[in-house]
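So you can see what is in the structure, the chains are spelled out below.
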Amino acid sequence: MVVRVAVAGASGYAGGEVLRLLLSHPEVEIGALTGNSNAGQLLGSLQPHLVPLAGRTLEATTPEALAGHDVVFLALPHGQSAAVAARLGDDVLVVDMGADHRLKDPADWDAFYGAPHAGTWPYGLPELPGGRAALEGATRIAVPGCFPTAVSLALYPAYQAQLAEPEAVVVAATGTSGAGKALKPHLLGAEVMGTVTPYGVGGGHRHTPEMVQNLSPLAGERVSVSFTPTLVPMARGILATCSAKARPGTTAESLRAAYEKAYADEPFVHLLPEGRMPSTKSVHGSNAVHVQVVHDESARRIIAVSAIDNLTKGTAGGAVQSMNIALGLPEQLGLSTIGVAP
């Protein structure tokens, strides 16, 4: 089976990462590469690490350029995917790595993005209950945000097992690539080196409603999420420290058992041995998720920590994993759980 793939937004971080993964995918042939603001430029001048594609010229993102492909990845800024997707046929698998089709509640979309809601597509987080079934045979997929991926997989087993109260407090450290490739003064090297800065404090981050959307069905009631992202001086990675009050009767043993059961057969989620904490370096460049969970008995709280690479499992790796499932291919094709160290 040869799958012909186009990537819109190939000059950005997400587009570059999905191309890096697709170059190792044995069933993929890479077709059109587009990027409106960089149309006419060689990909190698913008993504020099993608040596096999360095001589390819970026086209403008048009329906004509994207036509004739089995799969189209949309690595576009939020708010731009819907218009492009609407002009692609139902016979092509469209994988949106932006936010346009993630949220179910139009009010949430309006509150955090301030534009008309484009509708909701099958959600590309296979590890959640029913996630794989929703993706099988799908022709439209919404890839989760990077923070919701890390947080949902850290807390899902606790809520699925009814061990956690329906409120969560999350502090997540992230690298600068999560903000995209466009130049921003506060992301200059001189601004981020040697300092740690919170942002989106007090419920202002756009990924918050997505976390609530993922966790609430597991709890059987609405889960409130207090989310504080923190910018740290690294290029890529997320370390999410998630806390929720434990329900009466929760023990360290019952908590550990819930996580072992949830992730026993997951190819990309690794529950670490007790006493070992996740680190972003361990998952660098991989589609792996490292998870640890601890019962803070004195505070009667559950502490779940996850580490992901925000560009791989948090974006492009999740997209390729979802594509594989939708097309009936082995889920792990083109993806690795092996990080890069030191």
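Residues numbered from 1 in each chain as written. Predicted model: local features only at pLDDT ≥ 70, side-chain atom pairs only at ≥ 80, totals over all residues. Heavy atoms only, no water.

Draft legend 1. Representation of the environment of V143 within the structure. Here V143 is to be found in the loop between β5 (140-142) and α6 (146-160). Other than its neighbours up to four places away in sequence, V143 contacts V95, D96, M97, G98, R102, T315 and A319. (Helix = DSSP H or I, 4+ residues; strand = E, 2+ residues; numbered from the N terminus. Contact = heavy atoms within 4.5 Å.)

Draft legend 2. The sheet that holds strand β3 (residues 71-74), seen in detail. Strand order in the open sheet formed by 5 strands is β2-β1-β3-β4-β5, and the pairing between neighbours is parallel. Of all the strands in the sheet, the pair left with one neighbour each is β2 (28-34) and β5. Adjacent strand axes in the sheet meet at a mean angle of 20°, parallel and antiparallel pairs treated alike. Bridge count between strand β1 (residues 3-8) and β3: 4 bridges; the pairing is parallel. What sits directly across from A6, in β3, is V72. Each of β1, β2 and β3 is contacted by helix α1 (residues 13-22), which is oriented at about 160° to β1, the strand it contacts most. (Pairing = 2+ DSSP bridges. Axes fitted to C-alpha atoms, helices over the stretch in contact; angles between N-to-C directions.)

Draft legend 3. Representation of the pattern of salt bridges. On inspection of all chains with the given rule, the structure shows 14 salt bridges. The residue R300 makes a salt bridge to E165 at a minimum N-O spacing of 3.8 Å. In this pair, R300 is assigned in the loop between β11 (289-296) and β12 (301-308) and E165 in the loop between α6 and β6 (167-174), connecting sequence segments 135 residues apart. One network of salt bridges, with partners in common, ties together E17, R20, R236 and D309. (Salt bridge = Lys/Arg side-chain N within 4 Å of Asp/Glu carboxyl O.)

Draft legend 4. Quick peek at the sheet that holds β12. Read across the sheet, 7 strands follow the order β7-β8-β6-β9-β12-β11-β10 without closing on themselves; strand pairing throughout is mixed. Whereas interior strands pair on both sides, the edge strands pair on one side only; in this sheet they are β7 (197-198) and β10 (269-271). Where β11 lies against β12, 7 bridges are found, and the strand directions are antiparallel. Bridge pairing in β12 places V293 opposite A304.

Draft legend 5. Main features of the nonpolar core. Counting 44 residues, the largest nonpolar core has L155, Y159, V225, I238, Y259 and I302 as the members making the most contacts within it. Among the elements that take part in this core, α6 stands out by supplying 10 residues, more than any other. Setting aside anything within four residues of it in sequence, one finds Y259 in contact with A154, L155, P157, A158, L271, V291, V293 and A304. Core analysis: the next-biggest nonpolar cluster, separate from the first, contains 35 residues, L19, L43, L50 and L135 among them. (Core = buried A, V, L, I, M, F, W, Y, C linked by side-chain atoms within 4.5 Å. Buried < 20%, exposed > 50% of the residue type's maximum accessible area, 1.4 Å probe, protein only.)

Draft legend 6. Focus on the environment of T241. With respect to the element layout, T241 can be found in strand β9 (residues 238-245). Residue classification places T241 among the partly exposed residues on the basis of a relative accessible area of 34%. With 72 residues separating them in the primary sequence, T241 and V169 have C-alpha atoms 8.3 Å apart. Sequence-distant contacts of T241, that is, excluding residues within four places in its chain, are made with V169, V170, V171, I303, A304 and V305.

Draft legend 7. How the structure looks around helix α4 (residues 106-113). In this structure D105 caps α4, since a side-chain oxygen of it lies 2.8 Å from the backbone nitrogen of A107. Two residues or fewer past α4, G114 is found with a positive phi of approximately 65°. (Polar contact = N/O pair within 3.5 Å; in protein donor to acceptor, adjacent residues only side chain to side chain.)

Draft legend 8. Quick look at unusual backbone geometry. For the bond from A341 to P342, the omega torsion is 0°, close enough to zero to count as cis. Inspection of the secondary structure puts P342 in the segment after α10 (312-327). A positive phi is found at Q162, a non-glycine position, where the angle reads about 60°. Residue position: Q162 is located in the loop between α6 and β6. Look at Q162 and you get partly exposed, because its relative accessible area is 38%.

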